[in-house]
Amino acid sequence: MARSLSPIMLGKQLDGIWHTAIVAYGDEFFFGGEGISSCSPGGTMLGHPDTVVELGETEVSEEIFMDYLSSLGEGTYRGDKYRLFEHNCNTFTNEVSQFLTGSTIPSYITDLPSEVLSTPFGQMLRPILDSIHIAPSGGNAINERRNV
């Protein structure tokens, strides 16, 4: 849909509007309006991904990774910190990918918000889109699970 509507609405072609997550230790981890959540891979309401990008392997233990996520979930990636354009699932995935593998996610994903906002229509839509609370269902909140 983004591919066909973006030239009309934005004056430029977008190949997609990307939701990203990171799969590690058998779970999918993502960030939204509820904070950091996890589910089985492809287990959110968004279903299985259209594209999977291999980011590498990690030497970080699962225990250290879960402590890291818990720390992020208490501060930088609390649900109330979610911002569709500046601090979103892609920001989270990029940061976690760097922690786990030293690699970033592709720039066509991380650059998407600035591409949209660089258009007049993007600027017009910004107030509406900023008010949207995005929390893909199907996940378990990380900090809730760890505090039980």
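Refer to the preceding data block for the structure.
I will try to describe carefully the structure that is included in this document. Bear in mind that the values here come from a model prediction, so they are computed numbers and not experimental data.

Rules behind the numbers
Residues numbered from 1 in each chain as written. Predicted model: local features only at pLDDT ≥ 70, side-chain atom pairs only at ≥ 80, totals over all residues. Heavy atoms only, no water. Salt bridge = Lys/Arg side-chain N within 4 Å of Asp/Glu carboxyl O. Buried < 20%, exposed > 50% of the residue type's maximum accessible area, 1.4 Å probe, protein only. Helix = DSSP H or I, 4+ residues; strand = E, 2+ residues; numbered from the N terminus. Contact = heavy atoms within 4.5 Å. Expected span 1.5 Å × (residues − 1). Polar contact = N/O pair within 3.5 Å; in protein donor to acceptor, adjacent residues only side chain to side chain.

### Topic: the pattern of salt bridges
All chains considered together, the criterion is met by two salt bridges. A salt bridge links Asp80 to Arg78, with the shortest nitrogen-to-oxygen separation between them at 2.8 Å. According to the relative accessible area criterion, Asp80 is partly exposed, its value standing at 48%. Taking the shortest distance from any N to any O, the salt bridge between Arg126 and Glu86 comes out at 2.1 Å. Here Arg126 is found in helix H6 (residues 120-130), whereas its partner Glu86 is found in the loop between helix H2 (62-74) and helix H3 (89-101), with 40 residues between them in sequence.

### Considering the side chain of Thr93
Summarising the element assignment, Thr93 is placed in helix H3. In this view, Thr93 contacts Thr20, Ala21, Ile22 and Ile105; residues no more than four positions away in its chain are not counted.

### With respect to unusual backbone geometry
Of note in the backbone geometry, Tyr25 takes a positive phi value of approximately 55° without being a glycine. Using a relative accessible area of 33% as the deciding quantity, one classes Tyr25 as partly exposed.

### So, H3
Taking 1.5 Å per residue as the helical rise, H3 with its 13 residues ought to reach 18 Å, and the 18 Å between its terminal C-alpha atoms agrees with that figure. Every buried residue of H3 is accounted for by Cys89, Asn90, Phe92, Thr93, Asn94, Val96, Ser97 and Leu100. Where H3 is buried, its residues contact strand E1 (22-24), strand E2 (27-32), strand E3 (35-39), H2 and helix H4 (107-110). The N-terminus of H3 is capped by Asn88, whose side-chain oxygen sits 2.9 Å from the backbone nitrogen of Asn90.

### Observations concerning the environment of Ser114
In this structure, Ser114 sits in helix H5 (residues 112-117). At 2.9 Å, the side chain of Ser114 and the backbone oxygen of Asp111 are in polar contact.

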